[in-house]
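# Residue-level structure breakdown
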Amino acid sequence: MIDLSGLLTRPAAFLRGAALAAAALVLPSLPAAAQQQIDSLGLTVTTTPAISNDYLFRGISQTRNNWAYQATLDVQHESGVYVGAFLSNAKFLANPWNDTRQELDLMAGYRFALGGINFDIGYIGYTYPGQDKAPGTQLNEYQEIAVKANYTIDPVKILAAYNYSPNFFGRSGTGHYVEGGVDVTLPFELTASGRLGYQWIQKNPFFGTPDYLWYSIGISREIYWGVTATVAWYDTNISKNECAPVADRATGGQRICEGRVLFTLSKIF
């Protein structure tokens, strides 16, 4: 008998293995035989590479206002069970130092429909491979439980989400996050979108900002060969002097919370 107890008691290890195994199957391309095998297992595999002039997470730059190169992997069974991964470069300013260079998020969950509403209940593990812990600082990694829902009344799609973390980014204590949004299908194959979110953090000094609100307004369109271009405006209500100040390096705060235009090119395979 195969003993699975170790995997069940270490969900992050299981998700990492599942995500890497799936990535090995689909990257860089799927031979026809492999695709037939995946189809026979009732799986749908989606990969989405993207490039942006910044990496914004809930309105705050994760690359210190620099370019981001990203990829998302999603493997879903016909039952609605899925695993996935998200990979991006990342960069943070800290004292005495922070050597974070990449972020790898591992995901698993269950998607289903009820009464015309699509639900997604899942787990997200945010990891930063290769990060060393500086004296007197905390590792960035954390975990969240997420509940998402969306409902479509053509041409409008309404979205909502709630995320809970028992110990948020940088060991900043309990984190609660809510988000609402809309996507609207427009003429000329355009899609307009809007998002509004609010993040609560138990230990604000550990995270670097007060509890805050962020929003985005954008528009997207497929431009060529399945490549989608998105242009959006992002902003938060965090003042510069409250935006992750760092002793001896950025005592007056940072520019990573300021409003900006985000331009993204992405393609779904």
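All values derive from a computational prediction rather than experimental measurement.

I60, F169 and F207 are the most contacted members of the largest nonpolar core, which totals 24 residues. Residues in contact with I60, not counting those within four places in the same chain, are Y55, F207, T209, Y212, T236, I238, I256 and C257.

Right, let's get into a nonpolar patch on the surface. Side chains of I121, I145, V147, Y162, Y164, V178 and W200 sit close together on the surface and give an oily, nonpolar patch of about 550 Å² of accessible area. Every element with two or more residues in the nonpolar patch is listed here: strand 8 (142–153) and strand 9 (156–165). Tracing the sequence through the fold places V147 in strand 8.

Another aspect to go through is the environment of A149. Assignment of secondary structure puts A149 in strand 8. Through-space distance from the C-alpha of A149 to that of I121 is 8.8 Å; in sequence the pair is 28 residues apart. Apart from residues lying up to four places away in sequence, A149 is in contact with I117, N118, F119, I158, L159 and A160.

The residue after D154, namely P155, is reached through a cis peptide bond having omega 5°. Among the structural elements, P155 can be located in the loop between strand 8 and strand 9. Positive phi, close to 60°, is recorded for R171, a residue that is not glycine. One can find R171 in the loop between strand 9 and strand 10 (175–186). The phi angle at D248 is positive, at roughly 70°, despite the residue not being glycine. Mapping D248 onto the fold places it in the loop between strand 13 (227–236) and strand 14 (260–267). For D248, a relative accessible area of 72% gives the class exposed.

With that settled, consider the sheet that holds strand 9. Taken in spatial order, the 12 strands close into a barrel running 1-4-5-6-7-8-9-10-11-12-13-14, and their pairing is antiparallel. Between one strand axis and the next, the sheet turns by 20° as a mean value, whatever way the strands run. Pairing between strand 4 (residues 68–77) and strand 5 (residues 81–89): 7 bridges, direction antiparallel. Across the sheet, residue A71 finds its bridge partner in strand 5, namely L87.

On to the pattern of salt bridges. Taken as a whole and judged by the stated rule, the model has 8 salt bridges. A salt bridge links R111 to D74; its shortest N-O distance comes to 2.8 Å. In this pair, R111 sits in strand 6 (residues 102–114) while D74 sits in strand 4, placing the two residues 37 residues apart along the sequence. Overall, the relative accessible area of 26% leaves R111 in the partly exposed class. We classify D74 as buried; its relative accessible area is 18%.

The next subject is the packing of aromatic side chains. Aromatic ring pairs are described here by two measures, namely the spacing of the ring centres and the angle between the planes. Applying the stated criterion to the full structure yields 14 aromatic pairs. Taking the centre distance of 5.3 Å and the plane angle of 20° together, the rings of Y110 and F112 count as stacked. Grouped by ring-pair contacts, the aromatic residues F57, F92, Y126, Y128, Y142, F168, F169 and F207 constitute a single cluster. The side chain of R111 reaches across the aromatic face of Y82, ending 3.7 Å from its centre. The ring of F269 carries K267 above its face, with NZ or CZ at 5.0 Å from the centroid.

Moving on, we get to the state of the cysteines. Summed over the entire model, instances satisfying the criterion amount to 1 disulfide. Between the sulfur atoms of C243 and its disulfide partner C257 the distance amounts to 2.1 Å. The sign of the 80° torsion about the S-S bond sets the C243-C257 disulfide as right-handed. Of this pair, C243 sits in the loop between strand 13 and strand 14 while C257 sits in the loop between strand 13 and strand 14, placing them 14 residues apart in sequence. Taking the relative accessible area as the measure of exposure, C243 reaches 0% and is therefore buried. Exposure remark for C257: the relative accessible area of 1% places this residue in the buried category.

Cut-off values and rules
- Within each chain, residues carry numbers counting from 1 in the order of the written sequence.
- pLDDT decides what is reported in this predicted model: residues at 70 or higher carry local features, side-chain atom pairs at 80 or more are listed and counted, and totals for whole chains, interfaces and linings draw on all residues regardless.
- The side-chain numbers reported here are obtained from all heavy atoms of the structure, hydrogens and water having been left aside.
- In these notes, a set of buried Ala, Val, Leu, Ile, Met, Phe, Trp, Tyr and Cys residues joined through side-chain atoms within 4.5 Å is what counts as a nonpolar core.
- Only protein chains enter the area calculation, which uses a 1.4 Å probe; residues under 20% of their type maximum are buried, those over 50% are exposed, and those in between are partly exposed.
- Here a residue-residue contact requires only that any non-hydrogen atoms of the pair lie within 4.5 Å.
- The residues that make up patches have over 30% relative accessible area and no salt bridge, and they are joined within 9 Å when like-charged or within 5 Å when they are Val, Leu, Ile, Met, Phe, Trp or Tyr.
- Only the protein chains shown count as cover for residues, and the accessible areas themselves come from Shrake-Rupley with a 1.4 Å probe.
- Any Lys or Arg side-chain nitrogen located within 4 Å of an Asp or Glu carboxyl oxygen qualifies as a salt bridge.
- Numbering of helices and strands runs from the N terminus; a helix is a DSSP stretch of H or I covering at least four residues, while a strand is a stretch of E covering at least two.
- Any two strands between which DSSP finds at least two bridges are classified as paired.
- With axes taken as lines fitted to C-alpha atoms, and helix axes fitted only over the stretch in contact, angles between N-to-C directions fall between 0 and 180 degrees.
- Geometry of aromatic contacts follows a simple scheme: Phe, Tyr and Trp rings, the Trp one being its six-membered ring, pair when their centres are within 6.5 Å, and the pair is stacked under 30 degrees between planes, edge-to-face over 60, tilted otherwise.
- Throughout this description, the term charge over a ring refers to an Arg CZ or Lys NZ atom that lies within 6 Å of the ring centre and within 35 degrees of the ring normal.
- Note that a disulfide, as used here, is simply two cysteine sulfur atoms within 2.5 Å.

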